[in-house]
Structures are given as C-alpha cells and as structure tokens.
Amino acid sequence: MTAKEYLAFIVEQIHSTVVATIDNDGLPVTCVIDMMYADEDGLYFLTAKGKGFYKRLKANGYIALSGKKGNDTMSCTAVSVRGKVREIGDGLLPLLFEKNQYMHEIYPTEESAKALTVFQLYEGSGEWFDLSKKPIERSSFTFGGAENKSSEYYITDSCIVCGACQSVCPQSCIDLNDNKAVIKQVNCLHCGNCLEICPVGAAVKRPITVFED
C-alpha cells in the first residue's frame with residue numbers, strides 16, 4: 001500500500017480517531033476527532049475555533065493519532081500517525097460537509113458553521129499493524145517529506161546460525177539460511193525476544209529506512 005492508501009484507510013475504514021496534543025503545562029491531552037478527507041497531500045479534519053483543541057493545535061502544530069477497525073483484538077487493523085498540522089481555513093468546509101453528511105446535523109446553518117475551520121496533517125509518519133492476518137502484518141510509511149524515526153530488529157553478519165532467536169519468535173518470522181538468521185520484517189511483532197536471547201549479540205535494533213511513496 002502507498003502512503004495515500006494508508007491515509008484513505010483511516011478516513012474511510014476508521015474515521016473516528018483518538019488524537020493527542022499537548023497542553024500549556026506540557027501534558028498530553030486526548031480527544032476523539034473524525035478524519036474527514038485524505039489526498040496525496042495529507043489528512044484533513046475540522047474543529048471549532050472556540051475549542052481548547054483548536055488552541056492546542058495552534059500553539060503546538062503537531063499531533064499524534066491512532067485508530068483501529070475490527071470487532072475484537074484478533075480481527076483488528078490499527079493505524080497510527082504523527083506529524084505536523086496547519087490551519088487552512090474554511091475553503092474546504094463545503095467538501096468536508098459533502099463527504100461527511102452528519103455535519104449538517106451538528107452545524108445545520110451556514111451561520112453556525114462559521115465557527116469551524118479546517119486543519120491539514122501535511123507532514124508525518126505512520127505505522128500499520130494488522131492482527132487479523134496470520135502471521136501479523138506490520139509496515140511503516142511517511143508523507144509530506146517527513147523522516148521516519150521508527151526502528152526494526154535485524155540480524156547482523158555476526159550471527160552463528162544457532163537458531164536461538166527462531167525458537168523464541170512468537171510469529172515464527174525468522175528464517176535460517178547457510179549464513180545467518182533473517183527476520184521477515186513485515187511479520188515482526190517487535191517484541192525483542194531475539195535481541196535478548198542471542199548469545200553473540202547479532203540481533204540489534206536499527207532505524208527503519210522508508211522511502212516516501
């Protein structure tokens with residue numbers, strides 16, 4: 001999937017997300033915010049200018065959000081994104097109202113809708129985590145030129161192919177070949193068992209290299 005497809009999944013399949021911002025005391029505050037539109041430039045949502053959420057967005061210009069789709073944990077697909085946000089005004093309000101018809105019930109008149117303004121999450125990184133698949137599926141993505149600061153577990157060339165890491169991998173996503181163990185990154189839980197058990201320190205945690213779609 002491309003970054004645009006991940007963002008579209010948030011809008012179309014999850015929609016209501018838990019968003020974290022920082023208050024004036026530097027403490028985290030969460031609220032549930034609908035992600036109403038996505039395109040190649042990012043995610044779009046709205047809020048009223050009188051809300052504390054609006055003031056936190058303007059003061060910090062950064063958010064983190066998470067959402068999931070599924071009836072229970074083992075049927076769950078979750079996406080998390082964090083990045084920079086900016087106010088872009090009311091120009092996209094008609095589009096957001098068109099695509100999210102329930103907004104007409106909350107703000108039924110043009111006058112009442114004047115309280116609203118649109119924000120764009122325009123630069124960020126994200127992680128996709130799908131527990132509905134066996135083995136699990138994980139991937140990372142970036143958009144808007146953001147740097148991905150995630151990390152992954154990796155087996156270096158100092159591996160002695162003893163199989164200890166393979167024996168403790170909960171998703172059985174470590175293969176052994178003639179030279180060293182290899183972790184299938186798309187299925188890795190990031191539990192760290194391989195790092196803890198490796199007798200020669202060949203399992204390490206390293207930054208993820210992600211190229212923007």
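All values derive from a computational prediction rather than experimental measurement. (Residues numbered from 1 in each chain as written. Predicted model: local features only at pLDDT ≥ 70, side-chain atom pairs only at ≥ 80, totals over all residues. Heavy atoms only, no water.)

(A) Fine view of the layout of surface pockets. There is about 260 Å³ of room inside the largest pocket. Elements with a contribution of two residues or more to the lining of the largest pocket: β2 (28-34), β4 (42-48) and α4 (103-106). It is β2 that contributes the most residues to the lining of the largest pocket, 4 residues altogether. Along the lines of polarity and charge, the residues of the lining of the largest pocket split into 12 nonpolar, 1 polar and 2 charged. (1 Å grid on protein atoms, 1.4 Å probe; cavity = no way out; pocket = protein on both sides within 12 Å on 5 of 7 lines; lining within 4 Å. Points joined across faces, edges and corners; volume = space filled by probe spheres on them. Helix = DSSP H or I, 4+ residues; strand = E, 2+ residues; numbered from the N terminus. Nonpolar A, V, L, I, M, F, W, Y, C, P; charged D, E, K, R; others polar.)

(B) View of the side chain of Asp 130. Inspection of the secondary structure assignment puts Asp 130 in strand β7 (residues 116-130). Among the polar contacts made by the side chain of Asp 130, one reaches the side chain of Ser 132 at a distance of 2.5 Å. (Polar contact = N/O pair within 3.5 Å; in protein donor to acceptor, adjacent residues only side chain to side chain.)

(C) Region of interest: the environment of Val 79. Tracing the sequence through the fold places Val 79 in strand β6 (residues 77-89). Taking relative accessible area as the criterion, Val 79 reaches 1% and is therefore assigned buried. C-alpha of Val 79 to C-alpha of Gln 101: the two residues are 22 residues apart in sequence and 24 Å apart in space. The residues touching Val 79, leaving out its near neighbours within four places in the chain, are Phe 9, Ile 10, Ile 14, Leu 65, Ser 66, Gly 67, Glu 127, Trp 128 and Phe 141. (Buried < 20%, exposed > 50% of the residue type's maximum accessible area, 1.4 Å probe, protein only. Contact = heavy atoms within 4.5 Å.)

(D) Geometry of empty space enclosed by the protein. What the rule picks out here adds up to 2 cavities of 30 Å³ or more. Size it by volume and the largest cavity reaches roughly 90 Å³. Lining the largest cavity are 13 residues, and of these Cys 169, Ile 174, Cys 188, Cys 191 and Cys 194 sit closest to its centre. The volume enclosed by the second largest cavity comes to roughly 80 Å³.

(E) Structural detail: the nonpolar core. Formed by 27 residues in total, the largest nonpolar core has its most connected members in Met 35, Leu 43, Phe 45 and Leu 65. Contributing elements (two or more residues each) for this core: α1 (3-14), β2, β4, α2 (52-60), β5 (62-69), β6, β7 and β8 (137-143). At 7 residues, the largest contribution of residues to this core is made by α1. Residue contacts for Phe 45: discarding those within four places in its chain leaves Ile 33, Asp 34, Met 35, Phe 53, Leu 57, Ile 63, Val 85, Leu 96, Thr 117, Val 118 and Phe 119. Judged by nonpolar contacts, the second largest core, of 14 residues, contains Tyr 153, Ile 174, Cys 188 and Ala 203. (Core = buried A, V, L, I, M, F, W, Y, C linked by side-chain atoms within 4.5 Å.)

(F) Layout of α2. Of the positions making up α2, those classed as buried are Phe 53, Tyr 54, Arg 56 and Leu 57. Down the axis, α2 shows its buried residues gathered within 165° of arc, on one side only. Among the exposed residues of α2, those pointing more than 90 degrees away from its buried face are Lys 55 and Ala 59. Buried residues along α2 sit in contact with β1 (16-22), β2, β4, β5, β6 and β7. Immediately downstream of α2, the backbone of Gly 61 shows phi near 65°, a positive value. (Arc of directions from axis to C-beta.)

None of this, on its own, says anything about what the molecule does.
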